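Summary of structural features
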Amino acid sequence: MRRFTYQRAQGPAEAVQMAASHGATNSPSVPSIEYLAGGTTLLDLMKLDVRRPDTVIDINPLAAAGYGRIELNQHGLRLGALVRMADAADHSGIKSAYPVVAQ
Amino acid sequence: MLDLLRERLGLTGAKKGCDHGQCGACTVLVDGRRVLSCMTLAVAAQGRNVTTIEGLANGGELHPMQQAFIDHDAFQCGYCTPGQIMSAVGCVNEGHAENDADIREYMSGNLCRCAAYPNIVDAVKQARSVMKTASTQ
C-alpha cells in the first residue's frame, strides 16, 4: 500500500473542512482525498493500488454524532450512513418489520 | 493492522488468508468486537483494546473456546483456526450461539477449506456452556 496521511474527523463540519483544505476535486493535479467509513471497499482497492489517496479522512467518529443511528417509527426506517451492517441485521425492529433488509 | 501484528509485532497468530476480507483467518477483537484485521487500519484503532489469539489464554490456562476446539478436533490443517476461535468468542459474547443454525450463520464469515464445520459447531456449543457458567459465577 502507498503512503498516505491519515486524519480523523470528529464531526461533519470538520470532515468537510478537512477535505476542502486539501483542495478536494476530481482534478489529477491536486492531492486526492478519500473518506474512510467501513473501509471494506476503500482499503481493499488501496491495497490493490486501484485507489491512491494522498489523504484518508476517517469519519467513523461521526457514528457517535448521530450518523450511526437506526431510527424506526411509523414513517419508516432510517439507517445512518455509519450503521454497521451487522448491527442493522441484528436489530430486533428491523428483523420484525423489514426482514428482507435484515437478511 | 494484520501486517502490523505479524510483521512488526511478531504476533503471527492472526493469519493472512485472502487479505481481502473474505476468509476470516485474520479475525481479532477490537474492544470485544470481532473485526477483520486485514481490512482495518491499525492507526484507526488507536487507544482501543485489540485482542489476538495470543491474548486469549489466561496464563497457562487455555480459553474455553481454545480447549473446546481441541476437545472436538475442530480443525485439520489449523490455518483458519485462530480466526475461527476469535470469531467464535465474539459469536458467543454477542449471543449468536444459541442454536446450530445461528452458530453456522454467524460463523459464516470464517472459511475452513478442510471443512471442519460440524466439529466447529460442536466446539462452539461446548465453549458457550463453559463461558456462560463462568460469566454467572
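Residues numbered from 1 in each chain as written. Chains lettered and ligands numbered in written order. Predicted model: local features only at pLDDT ≥ 70, side-chain atom pairs only at ≥ 80, totals over all residues. Heavy atoms only, no water.

1. Here we look at the interface of chain A and chain B
Contact residues are listed per partner, giving 16 residues for chain A and 12 residues for chain B. Of the roughly 1100 Å² buried at the junction of chain A and chain B (both faces included), carbon and sulfur atoms supply 53%. For the pair chain A and chain B, the interface holds two salt bridges. Linking Asp19 of chain B and Lys47 of chain A is a salt bridge whose minimum nitrogen-to-oxygen distance equals 3.0 Å. Along the contact surface separating chain A from chain B lie six residue pairs in polar contact (both at pLDDT 80 or more). For the side of chain A that touches chain B, the element with the highest residue contribution is helix H2 (residues 42-47) of chain A, accounting for three residues. Considering only residue class, the side of chain A that touches chain B consists of six nonpolar, three polar and seven charged. (Contact = heavy atoms within 4.5 Å. Buried area = accessible area lost by both parts, 1.4 Å probe. Salt bridge = Lys/Arg side-chain N within 4 Å of Asp/Glu carboxyl O. Polar contact = N/O pair within 3.5 Å; in protein donor to acceptor, adjacent residues only side chain to side chain. Helix = DSSP H or I, 4+ residues; strand = E, 2+ residues; numbered from the N terminus. Nonpolar A, V, L, I, M, F, W, Y, C, P; charged D, E, K, R; others polar.)

2. Description of helix H5 (residues 117-136) of chain B
Residue and element names in this part refer to chain B. For H5, built from 20 residues, the straight-helix expectation of 28 Å at 1.5 Å per residue is met to within 8% by its first-to-last C-alpha distance of 29 Å. Among all positions in H5, only Ile120, Val121, Ala123, Val124, Ala127, Arg128 and Met131 are buried. In a view along the axis of H5, the buried residues occupy a sector of 155°, so they form one face of it. Buried residues in H5 make contact with helix H2 (64-71), helix H3 (81-93) and helix H4 (100-106). (Expected span 1.5 Å × (residues − 1). Buried < 20%, exposed > 50% of the residue type's maximum accessible area, 1.4 Å probe, protein only. Arc of directions from axis to C-beta.)

3. Describing the packing of H2 of chain B against H3 of chain B
Packed helix pairs are characterised by how far apart their axes lie and by the angle those axes make with each other. Residue and element names in this part refer to chain B. Between H2 and H3, the shortest axis-to-axis distance is 10 Å and the interhelical angle comes to 125°. In terms of orientation, H2 lies oblique with respect to H3. Our pair here, H2 against H3, has a crossing hand that is right-handed. Here H2 contributes Met65, Gln66 and Phe69 to the contact with H3, which in turn contributes Thr81, Gln84, Ile85, Ala88, Val89 and Val92. (Axes fitted to C-alpha atoms, helices over the stretch in contact; angles between N-to-C directions. Parallel < 35°, antiparallel > 145°, perpendicular 65-115°, else oblique. Left-handed = near helix turned anticlockwise from the far one by under 90°.)

4. Section: the domain arrangement of chain A
Residues and elements named next belong to chain A. Parsing chain A into structural domains produces domain 1 (5-62) and domain 2 (66-98). Here the C-alpha centre of domain 2 lies 26 Å away from the C-alpha centre of domain 1. Between domain 1 and domain 2, the contact holds six residues from the first and five residues from the second. Buried surface at the junction of domain 1 and domain 2, both sides included, amounts to about 420 Å², of which 58% is carbon and sulfur. Viewed at the interface, domain 2 and domain 1 are joined by zero salt bridges. (Domains from an automatic or database assignment.)

5. Comments concerning the sheet that holds strand E3 (residues 50-51) of chain B
The strand order E2-E1-E3 (chain B) describes an open sheet built from three strands, whose pairing is antiparallel. The open sheet has two edge strands with one neighbour each: strand E2 (33-36) and E3 of chain B. (Pairing = 2+ DSSP bridges.)

6. Section: the pairing of strand E3 (residues 55-58) of chain A
Residue and element names in this part refer to chain A. Of the two faces of E3, the one lined by Thr55 and Ile57 and the one lined by Val56 and Asp58 are each fully buried. Note that strand E1 (residues 5-8) and E3 share four bridges and pair parallel. In the sheet register, Tyr6 faces E3, and the bridge partner there is Val56. For strand E2 (residues 33-36) and E3, the ladder comprises four bridges, and the chain directions are parallel. When the sheet's bridge partners are listed, Ile33 is paired in E3 with Thr55. Following the chain from E2 across H2 to the adjacent parallel E3, one finds a crossover that is right-handed. (Right-handed = clockwise from strand over helix to strand, strands pointing away.)

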